[in-house]
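A look at the structure
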Amino acid sequence: GIAEFIGLLVFMPGELVKMRMMGNPGLYSGFLDASRQIVATSGAGTLYRGFKVTCLRDVPYTAMTFLLFESVRASLAARRVGR
């Protein structure tokens, strides 16, 4: 869960910039130009718009997937030892 949270902190701004660039082809000369313009017009907080909702969706999912994976791994390892 914590790793997912940190990953979202790092990657979410880039995803927003990418989506804005895809939605407005030709408006920006590149990624850095898009980032600068978005921050200049809407503020830096815009880069994390929807962060809370995304965390509410992704963090529990990642935690459950990890727990399921570890449970299956431990079960398979116990079967292997029991042979």
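Now for a quick tour of the structure. (Residues numbered from 1 in each chain as written. Predicted model: local features only at pLDDT ≥ 70, side-chain atom pairs only at ≥ 80, totals over all residues. Heavy atoms only, no water.)

1. Observations concerning the overall build of the chain
Broken down by element type, the chain carries 3 helices and 0 strands. Principal-axis analysis of the C-alpha atoms places the extent of the chain at approximately 65 × 25 × 15 Å. By the burial criterion, 19% of the 83 residues in the chain qualify as buried. The long-range fraction of contacts in the chain, counting pairs at least 24 apart against all pairs at least 6 apart in sequence, stands at 55%. Accessible surface, the chain: about 6400 Å² in total, of which carbon and sulfur atoms supply 67%. When the 10 positive and 5 negative side-chain charges of the chain are each reduced to one mean point, those points stand 6 Å apart. (Helix = DSSP H or I, 4+ residues; strand = E, 2+ residues; numbered from the N terminus. Buried < 20%, exposed > 50% of the residue type's maximum accessible area, 1.4 Å probe, protein only. Contact = heavy atoms within 4.5 Å. Areas by Shrake-Rupley, 256 points an atom, 1.4 Å probe, with all protein chains shown as cover. Lys, Arg positive; Asp, Glu negative; His and termini not counted. Charge placed at Lys NZ, Arg CZ, Asp CG, Glu CD.)

2. What to know about helix α1 (residues 2-23)
Taking 1.5 Å of rise per residue, the 22 residues of α1 would be expected to cover 32 Å, and the 31 Å separating its terminal C-alpha atoms lies within 8% of that figure. The axis of α1 is deflected most strongly, by about 40 degrees, at Phe11, and proline Pro13 appears within four residues downstream. Among the residues of α1, Leu8, Met12, Pro13, Leu16 and Val17 are the ones counted as buried. (Expected span 1.5 Å × (residues − 1). Bend = angle between axes of the 7 residues up to and from the residue.)

3. Some words on the pattern of salt bridges
Considering all chains together, one arrives at 3 salt bridges under this definition. The salt bridge partner of Asp58 is Arg57, with a shortest N-O separation of 2.6 Å. Salt-bridge contacts for Arg73 lead to Glu70; the nearest nitrogen and oxygen are separated by 2.9 Å. Residue Arg73 and its partner Glu70 are both found in helix α3 (residues 51-82); the two are separated by 3 residues, about one turn of the helix. (Salt bridge = Lys/Arg side-chain N within 4 Å of Asp/Glu carboxyl O.)

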